[in-house]
Amino acid sequence: MEENSDDPPTSAVLLDNCHFSQVVFNNVEKFYIPGGDVTCYYTLTQNIVPHRKDWVGIFRVGWKTTREYYTFMWAPLPSETPSDTTVQQQIQFKAYYLPKDDEYYQFCYVDQNGMVRGASVPFQFRAETEDDILVVTTQGEVEEIELQNKNLHKENEELKASCASLEKQNRDLQKELKKMQELQNTLESLRSNTEKMELELNFLKKENKHLKELNGCREAELHQLKEQIQNVTSDKDCLETRLKTALDHMDQLQSQVLNYEKEAESLSLANRDKTEELESLKEENLRLRVIRTEQVKPSLISCSLPNNTLPSQQQNLNLMKELEEQKRLFQILQSKKNEADEENRKLREENELLKHLLQAGEVSSSFTAPQAHAPVPGPDVGSLLFGNPYDGERTWHSPCNCKKCPKCDEELPGDPETYEAHMQSHLLHCPLCSETFETSNKQVFDDHLFCHSLE
């Protein structure tokens, strides 16, 4: 039934919602002879905007929707003319596609949306009969026909006025429809924006939930760190107290060492004087022995010599006893000094340990607390205030080329490499900061490693 493969745009809109006044069909015959082409003439008013998808169809009278067309032709687009003027158009339907029955049909103009914009008067496809021949009537009948024509003309004028009113209403409705379409477009845009905002909101909710979980983990870590800081702070306070006690004790020992050094210096001076006096007595004794051997007479030697040498021998004995007493006192002072030096060395090591632990505690606690004043290190044994007065008196030690280990008192050969290897065996090395500790301070070394683990 169609002469084009493309289906025209239709709709299920009923007749009541269509506008038939926008396209007017002209010169529509009452009868069209079957087997011939049919030309359809119509006028486009200024109320319609033509589109390339508009079409003209032939409908059987009594149709309800635009889907009930019998055949159709695409409506040609008019040439460029002002939009406020009417345009005359025509379409030719081929005989092959026209109906073959004698039912009543009509032309309808349908736009691109499937809405009817104009309809013609009904017509038939049949041959003209004798009933359709013009009959001459009388004057009275003519007057009656004229009266009917006048009434029909008057009715036509009223219909035209009603059509103009309907066209005005149609224009107003078109404007309202346009506004409604704009509002619908705005509503679609708002819906699209709302969907985007909902997607963003869901994403932000998920991100907020993830951040809350991270915040809970961070709070747990912070609580654990606070507990560690409190523990380190308490350890630091305890170490500060121990350090202060050690510093006080070290000051006392330093004062004792100074007193021992002064006493040792005075004894050294007295020992030096006694030694000089002993040397002079030895020389005098030797001189007297030489004189005694040169005496010729044994009697004179036996009589005179004991009387003359008795006071010198007695004096030598007294000096020897005094010298022995001085040596004994010197040894006692030397042992006391060694004990004081050993205790001073231990206090220095403990002081260094306390300083390292205090510094580690301050780093791990992350507080900007004022640092404790570093203790003033005690003087080394070789840098005493008056020097070591006994360095020149150690002539009685063995002059062998051996070294004594200061840690374990083991006699070592004079080879530097052997001595260095032996000294390294007494040390513990930290694998993290290359600091060394003595093997006797194993607990200090373990505490040092523990401080590294807290960092």
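In the annotation of an unreviewed UniProt entry, the entry for the protein reads Calcium-binding and coiled-coil domain-containing protein 2, and the organism field reads Pedionomus torquatus. Per UniProt, the protein has the following entry under Sequence similarities (unreviewed entry): "Belongs to the CALCOCO family."

Enquirer: Pulling in residues and values, what's your account of the overall build of the protein?
Expert: For the protein, the helix and strand inventory stands at four helices and 13 strands. Counting only contacts in the protein whose residues sit at least 6 apart along the sequence, the fraction spanning at least 24 positions is 66%. Total accessible area on the protein is roughly 31,900 Å²; 54% of this is exposed by carbon and sulfur atoms.

Enquirer: Hey, could you go over the pairing of strand E1 (residues 23-26) for me, with residue numbers and the actual values?
Expert: Of the two faces of E1, the one lined by Val23 and Phe25 is fully buried and the one lined by Val24 and Asn26 carries no buried residue. Pairing between E1 and strand E3 (residues 38-44): four bridges, direction antiparallel. Each residue of the ladder has a partner; that of Val24, found in E3, is Thr43.

Enquirer: An account of the sheet that holds E3 is requested, with residue identities and associated values reported.
Expert: Ordered in space as E1-E3-E6, the three strands form an open sheet in which the pairing is antiparallel. Two strands bound the open sheet, and with one partner strand each, they are E1 and strand E6 (87-93). Strand after strand, the sheet turns through a mean of 30 degrees between neighbouring axes, direction not considered.

Enquirer: Could you give an account of the side chain of Glu438, with specific residues and numbers?
Expert: Along the polypeptide, Glu438 turns up in strand E13 (residues 436-438). With relative accessibility at 15%, the residue Glu438 sits in the buried group. Apart from residues lying up to four places away in sequence, Glu438 is in contact with Arg345, Glu349, Lys407, His426, Leu427 and Leu428.

Enquirer: Which residues make up the packing of aromatic side chains, and what values do they have?
Expert: Tallying each qualifying case throughout the model produces 20 aromatic pairs. Where Phe59 meets Trp63, the ring centres are 5.1 Å apart and the plane angle is 40 degrees; that geometry is what we call tilted. You'll find Phe59 and Trp63 in the same group, each marked buried. Between the aromatic rings of Phe72 and Trp74, the centroid separation amounts to 5.4 Å while the plane-to-plane angle is 85 degrees, which identifies the pairing as edge-to-face. Connected via pairs of aromatic rings, a cluster forms that spans Phe25, Tyr32, Tyr42, Tyr70, Phe93, Tyr105, Phe107, Tyr109, Phe123 and Phe125.

Enquirer: Go over the pattern of salt bridges, please, and point to the residues and values.
Expert: Here the structure, examined in full by the defined rule, presents nine salt bridges. Its salt-bridge partner being Arg60, residue Asp101 comes within 3.1 Å of it at the nearest N-O pair. On the criterion of sequence distance, the pair formed by Asp101 in the loop between E6 and strand E7 (104-110) and Arg60 in strand E4 (residues 55-60) is long-range, its members being 41 residues apart. In this structure, Arg242 engages Glu350 in a salt bridge whose closest nitrogen and oxygen atoms are separated by 3.8 Å. Placement of the pair is Arg242 in helix H1 (residues 139-294) and Glu350 in helix H2 (residues 298-365), with a sequence separation of 108 residues. By relative accessible area, Arg242 is classed as partly exposed at 42%. The network of salt bridges with common partners includes Glu342, Arg345, Glu349 and Glu438.

Enquirer: Report on the nonpolar core, specifying residues and quantitative values.
Expert: The biggest cluster of nonpolar side chains holds 22 residues, and the ones touching the most others in it are Phe25, Tyr42, Val56, Phe93, Phe107 and Tyr109. Contributing elements (two or more residues each) for this core: E1, E3, E4, E6, E7 and strand E9 (123-125). When residues in this core are grouped by element, the largest group, four residues, is from E3. Grouped together as the second largest cluster of nonpolar side chains are 17 residues, Ala246, Leu253, Leu354 and Leu358 included.

Enquirer: Requested: an account of a positive patch on the surface, with residues and values cited.
Expert: On the surface, a cluster of positive charge is contributed by Lys168, Arg171, Lys175 and Lys179. By relative accessible area, Lys168 is classed as exposed at 51%.

Enquirer: A description of the side chain of Gln89 should follow, citing residues and the corresponding values.
Expert: Relative to the helices and strands, Gln89 resides in strand E6. For Gln89, a relative accessible area of 15% puts it in the buried group. Within polar-contact distance, the side chain of Gln89 engages the backbone oxygen of Pro76 at 3.1 Å. Ignoring sequence-local partners within four residues, the contact set of Gln89 consists of Cys40, Tyr41, Tyr42, Leu44, Pro76, Leu77 and Pro78.

Enquirer: Explain the confidence of the model for the protein residue by residue, including any values.
Expert: Looking at the protein, the pLDDT average stands at 80 and 81% of residues meet or exceed 70. Contacts of residues 1-5 to residues separated by more than four positions or lying in other chains number 15 contacts, the stretch itself having pLDDT below 50. Across residues 389-400 the pLDDT falls below 50, and counting only partners more than four positions away or on other chains, this stretch makes 12 contacts in the model.

Enquirer: Describe unusual backbone geometry, listing the residues and the values that go with them.
Expert: Excluding glycine, a negative phi dihedral is what most residues carry, and trans is how most peptide bonds are arranged. Backbone geometry places Asn27, a non-glycine residue, at a positive phi of 55 degrees. By secondary structure assignment, the location of Asn27 is in the loop between E1 and strand E2 (31-32).

Enquirer: Just give me the short version of the environment of Lys244, but keep the residues and values in it.
Expert: On the secondary structure map, Lys244 appears in helix H1. Exposure remark for Lys244: the relative accessible area of 58% places this residue in the exposed category. Separated by 110 residues in sequence, Lys244 and Leu354 place their C-alpha atoms 9.9 Å apart.

Enquirer: For a nonpolar patch on the surface, give the residues involved together with the corresponding values.
Expert: Taken together, the side chains of Leu177, Met180 and Leu183 make up a nonpolar region of the molecular surface, amounting to roughly 310 Å² of accessible area. Tracing the backbone shows Leu177 in helix H1.

Cut-offs and rules
Residues numbered from 1 in each chain as written. Predicted model: local features only at pLDDT ≥ 70, side-chain atom pairs only at ≥ 80, totals over all residues. Heavy atoms only, no water. UniProt positions renumbered as here; feature names shortened; annotations may be inferred. Helix = DSSP H or I, 4+ residues; strand = E, 2+ residues; numbered from the N terminus. Contact = heavy atoms within 4.5 Å. Areas by Shrake-Rupley, 256 points an atom, 1.4 Å probe, with all protein chains shown as cover. Buried < 20%, exposed > 50% of the residue type's maximum accessible area, 1.4 Å probe, protein only. Pairing = 2+ DSSP bridges. Axes fitted to C-alpha atoms, helices over the stretch in contact; angles between N-to-C directions. Phe/Tyr/Trp six-rings, centres within 6.5 Å; stacked < 30°, edge-to-face > 60°. Salt bridge = Lys/Arg side-chain N within 4 Å of Asp/Glu carboxyl O. Core = buried A, V, L, I, M, F, W, Y, C linked by side-chain atoms within 4.5 Å. Patch = residues over 30% accessible without salt bridge, like charges linked within 9 Å, V, L, I, M, F, W, Y side chains within 5 Å. Lys, Arg positive; Asp, Glu negative; His and termini not counted. Charge placed at Lys NZ, Arg CZ, Asp CG, Glu CD. Polar contact = N/O pair within 3.5 Å; in protein donor to acceptor, adjacent residues only side chain to side chain. pLDDT = per-residue confidence, 0-100.

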